[in-house]
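Commentary on secondary and tertiary structure
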Amino acid sequence: MTTVASTKTPAPRRTRIRIAPGLVVAVVFAALFAIAAVVPQILATTAPTAQDFTAALRPPSFEHWFGTDESGRDLYSRVVHGTRESLLIGIGAAGIALVAALVLGSLAALGDRFTSAIVNRGIEVVFAFPILLLALLLVSILGASAWTQVIAVGVSTAPGYARMVRGQILAAKNAGYVEAARALGHSRGRILTRHVLPNAVRPLVAVFTMAIGQSIVWASGLAFLGLGVAPPSSEWGALLDAGRAYILQAPWLTFVPGLVILVLALTATSLGKHIQNSLEKGE
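So, here's what we can say about the structure. (Residues numbered from 1 in each chain as written. Predicted model: local features only at pLDDT ≥ 70, side-chain atom pairs only at ≥ 80, totals over all residues. Heavy atoms only, no water.)

On to the side chain of Ser-77. Looking at the secondary structure, you find Ser-77 in helix H2 (residues 75-81). Classification of Ser-77 as buried rests on a relative accessible area of 0%. (Helix = DSSP H or I, 4+ residues; strand = E, 2+ residues; numbered from the N terminus. Buried < 20%, exposed > 50% of the residue type's maximum accessible area, 1.4 Å probe, protein only.)

Written as structure tokens, this is what we have:
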């Protein structure tokens, strides 16, 4: 009696795509912030400047989700309308910081011995200053405004990113693919533009995302000290500054904008880390 071997092929395994719950939450919040920045009328319940003195300093309720300020303005609507200006400050400061970091880091890593030494020492000197102290110095010189916040935060945070860019470029210069390109006779300029700089700059995509949240935190800190956008602006730092006078009587005027800033910073950091992990897995 003979047995016939089974020729049935096993069914292919289904690959399950796992999505981290934290990433889903971050994407949802990022979408809400994007909607608030582009079309705040969709989320806001009233105009940000609508006053109702009979409803002044009311705590959070079903009618006013985040409470009201001293003029009876709905804090929730003001937070929503302030998203655009706050995000523009964060994006502008992060952009200035990373552009300056790319230039300084490239000079420090690729320049001649004299240029590299000068730039490295300059980066180390500026990096030794506390970020807030350097930003306060720049604001005191340039004056308080939204553009001053962008420049001050961008310049103050650039040295830290410049050190990272310098390390990335130095690591790329000594990589095996660069040695292979040299062995094939590629020119120095082609090696820099095709191999060194692209691989050194790629991690900055994730860093830029995280830098937006950090820049908003620093800019809001300046505004809380009265060195940012002046009230009655709905920018989040200005809301913090306006709520200082009522911190005991109406603590939600300070707590709510601070919580929104924290949520945005956590959202940006979470998205940045996910992008960084995706880039590392793709290498």
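By convention here, two paired aromatic rings are described through the distance between centres and the angle between planes. Evaluated as defined, the whole model comprises 3 aromatic pairs. On the basis of an interplanar angle of 55° and a centroid distance of 4.8 Å, the ring pair of Trp-65 and Tyr-76 is categorised as tilted. Placement of the pair is Trp-65 in the loop between helix H1 (21-38) and H2 and Tyr-76 in helix H2, with a sequence separation of 11 residues. The rings of Trp-65, Phe-66 and Tyr-76 are connected pair by pair, giving a single aromatic cluster. Looking at Arg-163, its charged tip hangs above the ring of Phe-127, at a distance of 4.5 Å from the centre. A cation sits over an aromatic face here: Arg-244 above Phe-224, 5.6 Å from the ring centre. (Phe/Tyr/Trp six-rings, centres within 6.5 Å; stacked < 30°, edge-to-face > 60°. Lys NZ or Arg CZ within 6 Å of the ring centre and 35° of its normal.)

Ranked by size, the top nonpolar core spans 42 residues in total, and within it Leu-75, Tyr-161, Ile-169, Val-196, Ile-216 and Trp-236 carry the most contacts. Residue contributions to this core peak at 8 residues, all from helix H3 (residues 83-110). Not counting chain neighbours up to four residues away, the residues in contact with Trp-236 comprise Phe-33, Val-79, Gly-82, Thr-83, Ser-86, Ile-216, Pro-257, Val-260, Ile-261 and Leu-264. (Core = buried A, V, L, I, M, F, W, Y, C linked by side-chain atoms within 4.5 Å. Contact = heavy atoms within 4.5 Å.)

A word on the side chain of Thr-209. Relative to the assigned elements, Thr-209 resides in helix H9 (residues 204-224). We classify Thr-209 as buried; its relative accessible area is 17%.

Here we take up the environment of Ala-238. With respect to the element layout, Ala-238 can be found in helix H10 (residues 236-243). When the C-alpha positions of Ala-238 and Thr-54 are compared, they lie 23 Å apart, and in sequence the two are 184 residues distant. Here Ala-238 is in contact with Ala-223, Val-229, Pro-231 and Ser-233, once residues within four sequence places are set aside.

Applying the stated criterion across every chain yields a total of 6 salt bridges. In this structure, Arg-78 engages Asp-69 in a salt bridge whose closest nitrogen and oxygen atoms are separated by 3.9 Å. Judged on exposure class, the residue Arg-78 and its partner Asp-69 are both buried. Across the salt bridge formed by Asp-241 and Arg-244, the nearest N and O atoms sit 2.8 Å from each other. Residue Arg-244 is classed as partly exposed on the basis of its relative accessible area of 39%. Among the ionic contacts, a cluster of salt bridges with common partners joins Asp-69, Glu-70, Arg-73 and Arg-78. (Salt bridge = Lys/Arg side-chain N within 4 Å of Asp/Glu carboxyl O.)

A few words now on unusual backbone geometry. Here the phi dihedral of Leu-57 falls at roughly 55°; this positive angle occurs in a residue that is not glycine. As for its placement among the helices and strands, Leu-57 is situated in the loop between H1 and H2.

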